[in-house]
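Residue-level listing of the chains:
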Amino acid sequence: MPSTSHFNAGDWAIIVAYLLGVIALGVWFGKDQRNTRDYFLGSRNIAWWGIGLSIVAAETSALTIIGVPAMAYGTNLVFIQMVIGYVIARLMLAVVMVPHYFKGEIYSPYQLFADTLGPEARQTAGGFFLISETLAAGVRVYLAGIPVQLMLGLDVLPAIVLFVVLSLVYTYIGGVKAVIWTDALQFGLFLIGGIFAIAYIPTLVEGGWSGVFAKAAEGGKLQWLNTNLDAATEGGFWKFLQASLASPFNIWMGVIGGTFVTMSSHGAEQLIVQRVLACKNVADGRKALVLSAVLILPLFLIFLIAGAMLWVFYQTHPFQIAIPTVKPGSGIKANDYIFPIFMMTEVPHLLRGFLIVAILSAAMSSVSSALTSLASVSTMDFVKGRHGKRSEEFYLRFSKYSTVAWAVALIVVAYLSRQVEFVLNAAFSLRGLTSGALLGGLLLAVFRRRGGPWPVVIGMCASLAVMTAIQTLPRMDWSKAAWAAIIGPEIFWPWFTLIGTVITLTTALAVEAVTARRSTQ
């Protein structure tokens, strides 16, 4: 078990003060909770800039803060190409989708399905989200807990319970308002942590800033653009297409695939849409999304540069803590421990405590965001959406109880991920498997508005089936040879949403056309 001897009393005081402060903030915001509108929409009186900061924090887990530097440490800055798509999608959603969220008072994007297609489509979309978010969030807790064990000296289960229970306390009491404002605080903490890292590392390396960047460039760590043009020149269009669909990251993947990924995550998934719905009006919703677009690229760039600087640093400095042995199939790579090891061994005390708090804050932000979005969909889309005859006190009480139930579910999924490789791998990619179905269904619900629920339901299920095949066939012993011969390499996850969206749209429109033809015969 890792030792906590790398922390002194001052570091621990900072960590404990932060945790108590976050809980106190949740209690403060929870004092005026009277109904589900207060609990899930924050009474729609939250400042747009706080919601914009919360959007970025909600999508930035502890694994991101740890894994993005690890990615640059092991490769280079090419992941920044994905962030280009992240920015484009936010701007598109701000213009096109936000007005639809404020036509009446809705609590999730799945209510738009019911308004135009019927309750069956609403429940299908809500069910897709509940399953994918429970598994994805549970895995995020597990994956974030592994490096944090190194920092705090905890076993897997206590680390999981720590994140979930601490996040549950302020989420249960304060609802989405507490989640949004603690997210805003947590965003500031891990942004400061990243800025400190890129300012501090050059002071430890000969030559300072110029020396670090010169050595990083010499090692290929500053490369950020991959166009796959060599593949097109040497092998024609098919080779170019194969290279663009497979890893590593490339510009086509970032601009096209990254745009569709974010259109789904920020337009069709409750985790982010709930924050936009908490804005006062269309103008504030647009400003919140645009602010997140402005912040997301520099945030990722800061942590990617930190990873490149860490590579330079450890070329001439030994690791003060041995990198733990990584379990095959765990989802964690050896490089994911490097940033925590640096913080624990090379950063002065007190500052060390603040950087650990940055990691904890990102972990707690991702958990609280999952809890409030899961509770919202289960309460408003499944219980109140079908049985809206109880009192507001009943639904508020049910909302809080469901928050606790989802916290238990996250703990169970995270703990199962410790041992069951199949569950872990399925959960880690499930968001990509369902995101296209959700985006395609939402586009039909908002812009098609006809055909009834079943074409959309069938299209979403077809998308899930096809995406499951795309994810599993290249890895199955009986099919991977045929896949390699016909398709080529595995399709990389940034393309999942686009492919799933196309499958949903084409299947739904085909079913609608067949149904219409039969009805006229």
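Residues numbered from 1 in each chain as written. Predicted model: local features only at pLDDT ≥ 70, side-chain atom pairs only at ≥ 80, totals over all residues. Heavy atoms only, no water.

### What to know about the overall build of the protein chain
- Per the secondary structure count, the protein chain includes 21 helices and 0 strands.
- Against the globule reference of 24 Å for 521 residues, the protein chain gives a C-alpha radius of gyration of 23 Å, in line with a compact fold.
- Principal-axis analysis of the C-alpha atoms gives the protein chain an extent of 80 × 65 × 45 Å.
- By the burial criterion, 57% of the 521 residues in the protein chain qualify as buried.
- Pairs at least 24 residues apart make up 85% of the contacts formed inside the protein chain by residues separated by at least 6 positions.
- Element-wise, carbon and sulfur atoms account for 68% of the exposed surface of the protein chain, whose accessible area totals about 20,000 Å². (Helix = DSSP H or I, 4+ residues; strand = E, 2+ residues; numbered from the N terminus. Rg over C-alpha atoms; globule rule 2.2 N^0.38 Å. Buried < 20%, exposed > 50% of the residue type's maximum accessible area, 1.4 Å probe, protein only. Contact = heavy atoms within 4.5 Å. Areas by Shrake-Rupley, 256 points an atom, 1.4 Å probe, with all protein chains shown as cover.)

### Quick look at the confidence of the model for the protein chain
- When pLDDT is averaged across the protein chain, the result is 86; 92% of the residues are at 70 or more.
- Model confidence for the protein chain, summarised as mean pLDDT per element, is weakest for helix H11 (residues 229–245) at 69 and strongest for helix H14 (residues 282–316) at 96.
- Low confidence marks residues 421–427, where pLDDT is under 50. Its contacts with residues over four positions away, or in another chain, come to 12 contacts. (pLDDT = per-residue confidence, 0-100.)

### Description of the packing of helix H10 (residues 208–218) against H14
- Where H10 meets H14, the axes come as close as 9 Å, and the angle between the chain directions of the two elements is 90°. Judged by the angle between their axes, H10 and H14 are roughly perpendicular. Across the interface between the two elements, Trp209, Val212, Phe213, Lys215 and Ala216 of H10 pack against Ile305, Met309, Trp311 and Val312 of H14.
- Across the contact of H10 with H14, the residue classes break down as 8 nonpolar, no polar and 1 charged. (Axes fitted to C-alpha atoms, helices over the stretch in contact; angles between N-to-C directions. Parallel < 35°, antiparallel > 145°, perpendicular 65-115°, else oblique. Nonpolar A, V, L, I, M, F, W, Y, C, P; charged D, E, K, R; others polar.)

### So, the pattern of salt bridges
- In the structure shown here, the tally under the stated rule is 12 salt bridges.
- One salt bridge connects Glu269 with Arg431, and the closest N-O pair in it is separated by 3.1 Å. With Glu269 in the loop between helix H12 (251–267) and helix H13 (270–277) and Arg431 in helix H18 (residues 421–448), the pair connects residues that are 162 residues apart, well separated along the chain.
- When its relative accessible area of 3% is taken as the criterion, Glu269 is described as buried.
- On the accessibility criterion, Arg431 (22% relative accessible area) is partly exposed.
- If you follow the salt bridges from partner to partner, you end up with Glu133, Arg140, Glu269 and Arg431 in one network. (Salt bridge = Lys/Arg side-chain N within 4 Å of Asp/Glu carboxyl O.)

### Some words on the side chain of Ser402
- Its location among the elements puts Ser402 in helix H17 (residues 392–417).
- Filtering out sequence-adjacent residues up to four positions away, Ser402 remains in contact with Ala375, Ser378 and Thr379.

### Quick look at the nonpolar core
- Tyr101 and Phe113 are the most contacted members of the largest nonpolar core, which has 151 residues in total.
- For this core, the element with the highest residue contribution is H14, accounting for 18 residues.
- Residues in contact with Tyr101, not counting those within four places in the same chain, are Arg44, Ile106, Leu112, His266, Gly267, Val273, Val276 and Leu277. (Core = buried A, V, L, I, M, F, W, Y, C linked by side-chain atoms within 4.5 Å.)

### Here's the deal with the packing of H12 against helix H21 (residues 496–520)
- Where H12 contacts H21, the two axes come as close as 7 Å, and the packing angle between them is 70°. Judged by the inter-axis angle, H12 sits roughly perpendicular to H21. Residue-level contacts link Ile256, Phe260, Val261 and Ser264 of H12 to Thr497, Leu498 and Thr501 of H21.
- Here the contact of H12 with H21 is composed, by residue class, of 4 nonpolar, 3 polar and no charged.

### Description of unusual backbone geometry
- Not every positive phi belongs to a glycine, and Ser43 is a case in point at roughly 60°.
- Of note, Ser43 is situated in the loop between helix H2 (36–41) and helix H3 (48–58).
- Positive phi, close to 75°, is recorded for Leu350, a residue that is not glycine.
- Structurally, the position occupied by Leu350 is in the loop between helix H15 (338–346) and helix H16 (351–383).

### Remarks on the side chain of Asn76
- Of note, Asn76 is situated in the loop between helix H4 (62–74) and helix H5 (80–96).
- Of note is the side chain of Asn76, whose polar atom sits 3.1 Å from the backbone nitrogen of Val78.
- Here Asn76 is in contact with Met71, Gly220, Lys221, Gln223 and Leu304, once residues within four sequence places are set aside. (Polar contact = N/O pair within 3.5 Å; in protein donor to acceptor, adjacent residues only side chain to side chain.)

### A few points about the packing of aromatic side chains
- Scanning the entire structure with this criterion turns up 21 aromatic pairs.
- Geometrically, the ring pair formed by Phe249 and Phe492 is tilted, given 5.1 Å between the ring centres and 50° between the ring planes. Of this pair, Phe249 sits in the loop between H11 and H12 while Phe492 sits in the loop between helix H20 (480–486) and H21, placing them 243 residues apart in sequence. One exposure class covers both Phe249 and Phe492, and it is buried.
- Note on Phe249 and Trp493: the rings are 6.3 Å apart at their centroids and 80° apart in plane angle, and the pair reads as edge-to-face. (Phe/Tyr/Trp six-rings, centres within 6.5 Å; stacked < 30°, edge-to-face > 60°.)

### Re H16
- Between the first and last C-alpha of H16 there are 47 Å, a value that for 33 residues agrees with the 48 Å anticipated at 1.5 Å per step.
- Most of H16 sits out of view: 30 of its 33 residues are buried. (Expected span 1.5 Å × (residues − 1).)

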